[in-house]
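# Secondary and tertiary structure notes
These are the residues of each chain, in order.
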Amino acid sequence: MSIIPNFNSVKCDKCDSNGFIIKDGNASICDCRKNFEYELKASSILSNSGLLNESLNYEDFKKLIDYSFDNYKGNDENGNIKKIKKFVSEFDNPNKPFKHLHCYVYGVQGTQKSYTVKGMLVRLACDKGKNVYYIFTKDLINLIIDSDRDENARKKLNYIQNVDCLVLDEFDEKRVASWKSGYKENVLITWLKDRFEVKRLSTWIISNLSIEEQKETSFGELYYDLLKRETCYGQFHFTDRYFDNLSK
């Protein structure tokens, strides 16, 4: 999928049709060409990371690749942004456990959880060259189920299982459309435990509910114990509603 305008539509008047500036017999690449090639590469990276889909346009893409933690609106009384910035900047630090860190992000709807964590993935992918992936929890469950009989689903699932940083959004029994049998929850927990405990690759879960509140849902005690244990050093409570803080 490519949502990047062709080069001719973004070319400046300083360079030739290929994006080069010729001066005194020497050719140098123009800034407009550099930016075009960066965006082209970034669009491919984000498409392969689950961060771009067919419903998004170029403006949506620009908001993603230009993301800055300074975009956050609100007082951030829990210090979430400072911690997430450190997570990105020191992801490869051999003396820090960040690449193995599992995190749980929660807060009511509209508190910039998904937007901030998507931005984190973009910075990891585009600035740090990390393999990342963003997916809704229900879609991951369906992919796990389909992988038993579909080779393409199995390959995609294997890729997701091994990325440097994975984000599962909408971790909610209603969004997952739980079955009374608990089948979906059982399918997911085995996969998650492998990612958490065996591969030990950073995994982030986003929900409107706290871990304690998840205990009372269909995810129950089993997930409560797993999440409480595995995300004990990375729990982020978001409270700043985006629209309430626009003026700030």
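For the structure given in this document, a descriptive report is provided here. (Residues numbered from 1 in each chain as written. Predicted model: local features only at pLDDT ≥ 70, side-chain atom pairs only at ≥ 80, totals over all residues. Heavy atoms only, no water.)

So, about the pairing of strand β5 (residues 165-169). Buried residues dominate β5, accounting for five of its five residues. The two faces of β5 match: C165, V167 and D169 on one face and L166 and L168 on the other face are all buried. Strand direction decides the pairing type here: strand β4 (residues 132-136) and β5, joined by five bridges, are parallel. Along β5, the bridge assignment pairs I135 with L168. Here β5 runs beside strand β6 (residues 202-207); their pairing, made up of four bridges, is parallel. Bridge pairing in β6 links L168 to I205. (Buried < 20%, exposed > 50% of the residue type's maximum accessible area, 1.4 Å probe, protein only. Helix = DSSP H or I, 4+ residues; strand = E, 2+ residues; numbered from the N terminus. Pairing = 2+ DSSP bridges.)

A few words on the nonpolar core. Counting residues in each nonpolar core, the largest one holds 41 residues, and the members touching the most others are L46, F87, M120 and W204. Going through the elements one at a time, α2 (31-47), α3 (58-65), α4 (80-89), β3 (103-106), α5 (113-128), β4, β5 and β6 are the ones with two or more residues in this core. Per element, the largest residue contribution to this core is seven residues, and it comes from α5. When neighbours within four sequence positions are excluded, F87 is seen to be in contact with F98, L101, M120, L124, C165, S202 and W204. In terms of nonpolar packing, the next biggest core, distinct from the first, is built from 29 residues, Y133, L140, L143 and L166 among them. (Core = buried A, V, L, I, M, F, W, Y, C linked by side-chain atoms within 4.5 Å. Contact = heavy atoms within 4.5 Å.)

On to the pattern of salt bridges, then. The full count for this structure, using the stated rule, is 15 salt bridges. As a salt-bridge pair, K138 and D139 come within 3.0 Å of each other at their nearest N and O atoms. In this structure, a network of salt bridges that share partners links the residues K193, E197, R229 and E230. (Salt bridge = Lys/Arg side-chain N within 4 Å of Asp/Glu carboxyl O.)

With that settled, the discussion passes to the environment of F238. Mapped onto the fold, F238 is located in the segment after β7 (235-237). Under the relative-accessibility criterion, F238 is labelled buried at 1%. When the C-alpha positions of F238 and K113 are compared, they lie 6.5 Å apart, and in sequence the two are 125 residues distant. Excluding anything up to four places from it in sequence, F238 contacts Y72, N80, I84, V105, Y106, G107, V108, T111, Q112, K113 and T116.

Together, Y242, F243 and L246 line one region of the surface with nonpolar side chains, adding up to about 330 Å² of accessible area. With respect to the helices and strands, the residue Y242 is situated in the segment after β7. (Patch = residues over 30% accessible without salt bridge, like charges linked within 9 Å, V, L, I, M, F, W, Y side chains within 5 Å. Areas by Shrake-Rupley, 256 points an atom, 1.4 Å probe, with all protein chains shown as cover.)

Moving on, we come to the state of the cysteines. Summed over the entire model, instances satisfying the criterion amount to zero disulfides. Free cysteine C12: the closest other cysteine sulfur is in C30, separated by 3.4 Å. Considering cysteine sulfurs only, C103 is the nearest to C232, which forms no disulfide, with 10 Å between them. Residue C232 is classed as partly exposed on the basis of its relative accessible area, which comes to 43%. (Disulfide = S-S within 2.5 Å.)

In terms of strand pairing, β3 meets β6 through four bridges, oriented parallel. From the neighbouring strand, C103 faces β6, where its bridge partner is W204. Across three bridges, β3 lies against β7 in parallel orientation. Following the sheet pairing, Y104 is matched in β7 by Q235.

Right, let's get into the side chain of Q214. Relative to the helices and strands, Q214 is located in helix α10 (residues 211-214). Under the relative-accessibility criterion, Q214 is labelled buried at 1%. Within polar-contact distance, the side chain of Q214 engages the backbone oxygen of F171 at 2.9 Å. In this structure Q214 touches Y104, F171, S207, L209, F219 and G220, once residues within four positions along its chain are discounted. (Polar contact = N/O pair within 3.5 Å; in protein donor to acceptor, adjacent residues only side chain to side chain.)

Scope: geometric values only; no functional claims are made or implied.
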